[in-house]
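One letter stands for each residue in the lines below.
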Amino acid sequence: MELINSRIAWEGKWRVRVDTFRLAGGGHYERGAIEHPGAVVLAPLLATEDGSPALLMLRQFRSALNQTILELPAGTRDPDEAWLACAQRELREETGYRAAEMISLGEVWAAPGLSNERMALFLAVGLTADPLPMDIDEEIAVEVWQLDELVAMAIDGRLDDAKSVAAVLRAAHHLAAQPGVG
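Given the structure is predicted, the values throughout are model-derived calculations rather than measurements. (Residues numbered from 1 in each chain as written. Predicted model: local features only at pLDDT ≥ 70, side-chain atom pairs only at ≥ 80, totals over all residues. Heavy atoms only, no water.)

Engineer: Looking at this model, I keep getting lost on the nonpolar core. Mind explaining?
Structural biologist: Nonpolar side chains in soluble globular proteins generally cluster together in the buried interior. By size, the foremost hydrophobic cluster in this structure holds 29 residues, and its most contacted members are Leu-55, Leu-72, Leu-123, Leu-159 and Val-168. Contributing elements (two or more residues each) for this core: β4 (39–46), β5 (54–62), β8 (97–109), β9 (118–129), α2 (147–156) and α3 (162–177). Here this core gets 6 residues from one element, more than from any other, and that element is α3. Contacts of Leu-72, omitting those with residues within four sequence positions, involve Val-41, Leu-42, Ala-43, Pro-44, Leu-55, Leu-56, Met-57, Leu-58, Lys-163, Ser-164, Ala-167 and Val-168. In terms of nonpolar packing, the next biggest core, distinct from the first, is built from 14 residues, Val-40, Leu-42, Ala-87 and Ala-124 among them. (Core = buried A, V, L, I, M, F, W, Y, C linked by side-chain atoms within 4.5 Å. Buried < 20%, exposed > 50% of the residue type's maximum accessible area, 1.4 Å probe, protein only. Helix = DSSP H or I, 4+ residues; strand = E, 2+ residues; numbered from the N terminus. Contact = heavy atoms within 4.5 Å.)

Engineer: Help me understand α3 in this model?
Structural biologist: Spacing of three or four residues puts side chains on the same side of an α-helix, whose turn is 3.6 residues. Taking 1.5 Å as the rise per residue, α3 with 16 residues should run 22 Å; its terminal C-alpha atoms sit 23 Å apart, in good agreement. Among all positions in α3, only Lys-163, Ser-164, Val-165, Ala-167, Val-168, Ala-171, Ala-172, His-174 and Leu-175 are buried. (Expected span 1.5 Å × (residues − 1).)

Engineer: What's the story with the pairing of strand β1 (residues 2–11) in this structure? I'm lost.
Structural biologist: Two faces belong to every sheet, and in a regular strand the side chains alternate between them. Sheet analysis places β1 next to strand β2 (residues 15–22), joined by 8 bridges and oriented antiparallel. The residue of β2 that forms the bridge with Trp-10 is Val-16. The turn joining β1 and β2, which pair antiparallel and follow one another in sequence, is formed by 3 residues. (Pairing = 2+ DSSP bridges.)

Engineer: Help me understand the sheet that holds strand β3 (residues 28–35) in this model?
Structural biologist: As summarised here, the arrangement of the 3 strands in space is β1-β2-β3, forming an open sheet in which the pairing is antiparallel. What marks the edges here is a single partner per strand, and that holds for β1 and β3. Pairwise comparison of adjacent strand axes, ignoring direction, gives a mean angle of 25 degrees for this sheet. As paired elements, β2 and β3 share 8 bridges and run antiparallel to each other. Bridge assignment links Val-16 to a residue of β3, and that residue is Ile-34. (Axes fitted to C-alpha atoms, helices over the stretch in contact; angles between N-to-C directions.)

Laid out in structure tokens, this is it:
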């Protein structure tokens, strides 16, 4: 397979690229791809009275689905924006909190069959109130969820947002290996 042409079909915060390939037999086909600057996913850890870990979750309307879903705070990185700067900005915009520390939980591909979007996952600890205005298209309600319930939901399918599933499971694994974090 040989790439013979690429064109940008749409451009905004990310771009839709259409590639034309030549097949080994001489035929051609087109494939679309989303070029994305990357995003952050945040697992904001709350200190609870009984000492059990809890995370801030969002109920957010997603226009592509035409429904409101439960998910962790997340957001698109501006071109050339540092990952940690993006993580703090998104945390403040979506939850109203700032983290004293962002602990990396690694990175994942969002949807490698259609996009080059890379998502950096962070455990946000030491939360203090420090809000920023939300983006104009965001309808968000912040909720507190026990981590053990979120892990159960990630495993049994009640939490079906892939980025949230990955970050919840990685946060739980990190906290189990590092007691006393947060």
